[in-house]
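# Chain and residue survey
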Amino acid sequence: MVLNLLFITTVIKSTFGVVTTGLWLIPLLLAAITYYRYDAVDPESRPLDQLNLWPEYDFIVVGSGSAGAVVANRLSEVRKWKVLLIEAGPDENEISDVPSLAAYLQLSKLDWAYKTEPSTKACLGMQNNRCNWPRGRVLGGSSVLNYMLYVRGNRHDYDHWAALGNPGWDYENVLHYFKKSEDNRNPYLSNSPYHGRGGLLTVQESPWHTPLVAAFVEAGTQLGYDNRDINGAQQAGFMIAQGTIRRGSRCSTAKAFLRPIRQRPNFHLSMNSHVTRVIIEPGTMRAQAVEFVKHGKVYRIAARREVILSAGAINTPQLMMLSGLGPRKHLEKHGIRVLQDLPVGENMQDHVGMGGLTFLVDKPVAIVQDRFNPTAVTFQYVLRERGPMTTLGGVEGLAFVHTPYSNRSIDWPDIQFHMAPASINSDNGARVKKVMGLKESVYQEVYHPIANKDSWTIMPLLLRPRSRGTVRLRSANPFHYPLINANYFDDPLDAKTLVEGAKIALRVAEAEVFKQFGSRLWRKPLPNCKQHKFLSDAYLECQVRTISMTIYHPCGTAKMGPSWDAEAVVDPRLRVYGVRGLRVIDASIMPTISSGNTNAPVIMIAEKGADLIKEDWLHNPEYKVKRQDSDSASDSISAASSNIYSNSNFTNSDSSNVTLTATAADSRTSS
């Protein structure tokens, strides 16, 4: 046990940098002891990394994030199906369980640590005009890095998906899948027809709040917005945030969906396994196997029925293009044989927000890092599962509001607010500015003068951007990071809508209820916006373009749509057009981004996607498996795997393969 404690403390210190003084060491050791003892007796303890893999599985799921963990759980419910889940990163660790330390996970080895390409329209206050794009490289994916906010989106989002030619994706159909996953423990929602109880994913409010969030909700009512469950009958309104936490700790999809199945005999998990491509046989256009590298060894594992890509909106399109599926000219540029010309990597959308709105208060009611006694705070968290360490990454309040650009005749707001009882200055520059990638000159001039002062913030974010970005290959090397062009504010109306959202945020902060705290706006202008009158539309737009912040919600890069939609990559059953035995089940398939945080919608997509697979393979007589002999199968995989990387020194592993007699409904011809 002593060795385990030393290891845990070393991980915390070296990986996350949070052990900076002797004062921190004692409470973190106590926390480590508690976690060690908890894991030792927990019947749902950590999943096992399978070292002895079978040569074939019925289903191979690539990516264990918000979608992949769910898919693997649901498919392995069918005992006769062998399921392999492949994850590029390691397991979660003790720090990832602590909700308030979410920022310390970003830029760590649990994060892909992507950056957008330089822009002249956005991210102007960030280093090299590039925004950081955190993505989870860990069991549980981005559900381990995110701020745990549980937001389903708006019913009109899903009705719109159905109207685009995707039957079965309307709100009435998807509500069932939201409720299926959910175990909502908020007492005031116990009888709500919009929420589920007894699901695998725990949802509840943080047990600790500052008085500022109550004022935020009250301010909303003063502006005419109700205090309501934004995941219920209507969305427009204000509320205290709900999050995916359990007993005061983060409830990632790994904890919710993978730990309970770790001993299923038909389920294998391979961690630290970097998938390099899907092997597709050109003659039959069937996904035959998955190739990945683990501990320096190359594996090729056959998929008897299907390969499911759940690697997220960045890695899924990258993997598809590496496998020969994507825009013809782009693949040919990198010397990749085109197996199917598809608009992979197009249609990328993200919720972009305006950071930096800071309000100072005279009373000690905000989160100021240097104020908290680490011993007391840690004891409160470990022993009582309460206290500041349970806060949802710092976000306490949510709101959905209408700007003049939205249609008020329907409940479909166009701006969301994240309210936090802290701001960029609250940690004295220790972490937040690094996570944002903020230029040092901007921080020093605007935020350093109020370092460690009590403050709070509202971040307005754009719910339905009109601009579209792209994901492209940097090269044909699967270990090279892709090129991410967020293309924020390519449509000028996006910036104008955020400006209107900022105006509403300022009205919220000016409400009578905040006067009890002496709340006032910090009026230090951004250095590159001084030419504009402070708080004018021109100034606010400059701030929107300067402190442009991703809300970590990229999606849409393998768009779902009917066969007549030229932009579609997958059909409404999530099958890749022109390829047999290959589906995409993650945020990539969203035709348009959902109106709110995307973790809950992605889990819903995974629940529904798993059901679609079960329907096809258990009830559709066209879905059959025909075995090949082992030698011919290995030869087939070897032949298919030789046509992408001519300079590859990968070697075949022992594997067997089967062919499908059924074709995924597809009216397009393969290239």
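Residues numbered from 1 in each chain as written. Predicted model: local features only at pLDDT ≥ 70, side-chain atom pairs only at ≥ 80, totals over all residues. Heavy atoms only, no water.

### Description of the sheet that holds strand S5 (residues 182-184)
Sheet strands pair via backbone hydrogen bonds, and the direction of the pair is either parallel or antiparallel. Ordered by their spatial adjacency, three strands build an open sheet running S5-S6-S8, and the pairing between neighbours is mixed. Every interior strand has two partners, whereas the edge strands, S5 and strand S8 (242-243), have only one. Pairing analysis gives two bridges linking strand S6 (residues 201-205) to S8, with the strands arranged antiparallel. When the sheet's bridge partners are listed, Glu205 is paired in S8 with Gln242. (Pairing = 2+ DSSP bridges. Helix = DSSP H or I, 4+ residues; strand = E, 2+ residues; numbered from the N terminus.)

### Thoughts on the environment of Gln288
Among the structural elements, Gln288 can be located in strand S13 (residues 286-294). Here Gln288 falls in the buried class, since its relative accessible area comes to 2%. Residues Gln288 and Leu582, spaced 294 residues apart in sequence, show a C-alpha to C-alpha distance of 9.1 Å. (Buried < 20%, exposed > 50% of the residue type's maximum accessible area, 1.4 Å probe, protein only.)

### Observations concerning the side chain of Ser475
Locating Ser475 in the fold gives a position in the loop between strand S22 (470-472) and strand S23 (483-485). In terms of polar contacts, Ser475 uses its side chain to reach the backbone amide nitrogen of Asn477, at 3.1 Å. Here the side chain of Ser475 touches His480 through a polar contact of 2.6 Å, side chain to side chain. What Ser475 contacts, discounting residues up to four positions off in sequence, is Leu322, His334 and His480. (Polar contact = N/O pair within 3.5 Å; in protein donor to acceptor, adjacent residues only side chain to side chain. Contact = heavy atoms within 4.5 Å.)

### Re the state of the cysteines
In the structure shown here, the tally under the stated rule is two disulfides. With its sulfur 2.0 Å from that of its partner, Cys529 forms a disulfide with Cys542. Handedness of the Cys529-Cys542 disulfide follows from its S-S torsion of about -85 degrees: it is left-handed. Of the two residues, Cys529 is situated in the loop between strand S24 (520-521) and helix H15 (537-546) and Cys542 in helix H15; the sequence distance between them amounts to 13 residues. Here Cys542 falls in the buried class, since its relative accessible area comes to 12%. (Disulfide = S-S within 2.5 Å.)

### Quick notes on the pairing of strand S2 (residues 83-86)
Because side chains alternate across S2, one face comprises the buried residues Val83 and Leu85, and the other comprises Leu84 and Ile86, equally buried. Here four bridges tie strand S1 (residues 56-62) to S2, and the two strands are oriented parallel to one another. Directly across from Val61, in S2, lies its bridge partner Leu85. Where S2 lies against strand S11 (residues 267-270), four bridges are found, and the strand directions are parallel. Within S11, the position partnered with Val83 by the bridge is Phe267.

### Looking at the side chain of Asp91
When you line up the elements, Asp91 lands in the loop between S2 and helix H4 (102-105). With relative accessibility at 17%, the residue Asp91 sits in the buried group. Each residue touching Asp91, except ones within four places of it in the same chain, is listed here: Arg46, Pro47, Leu110, Val138, Leu139 and Met271.

### A few points about unusual backbone geometry
Of note, Leu107 is a non-glycine position whose phi angle comes to about 70 degrees, a positive value. Assignment of secondary structure puts Leu107 in the loop between H4 and strand S3 (114-115). Here Leu107 falls in the partly exposed class, since its relative accessible area comes to 41%.

### A look at the UniProt feature "binding site: FAD" (unreviewed entry) in the protein chain
The UniProt entry lists Val138 and Val275 under the feature "binding site: FAD" (unreviewed entry), expressed in the numbering used here. Across 138 residues, the annotated set stays spatially compact, with a maximum C-alpha separation of 13.8 Å. Inspection of the secondary structure assignment puts Val138 in the loop between strand S4 (132-133) and helix H5 (155-163). We classify Val138 as buried; its relative accessible area is 0%. Discounting chain neighbours no more than four positions away, the residues touching Val138 are Ser64, Glu87, Gly89, Pro90, Asp91, Glu92, Leu110, Val144 and Leu145. Here Val275 is to be found in strand S12 (residues 273-281). With sequence-adjacent residues up to four places away left out, Val275 is seen in contact with Val62, Ile86, Val290, Glu291, Phe292 and Leu319. (UniProt positions renumbered as here; feature names shortened; annotations may be inferred.)

### Here's the deal with the nonpolar core
In this structure, Trp169, Leu258, Val307, Leu309, Met320 and Val576 are the most contacted members of the largest nonpolar core, which totals 91 residues. With nine residues, the top contributor of residues to this core is helix H16 (residues 599-619). Sequence-distant contacts of Leu258, defined by excluding residues within four places in its chain, comprise Pro47, Ser64, Ala69, Ala72, Leu85, Leu139, Thr253 and Phe267. (Core = buried A, V, L, I, M, F, W, Y, C linked by side-chain atoms within 4.5 Å.)

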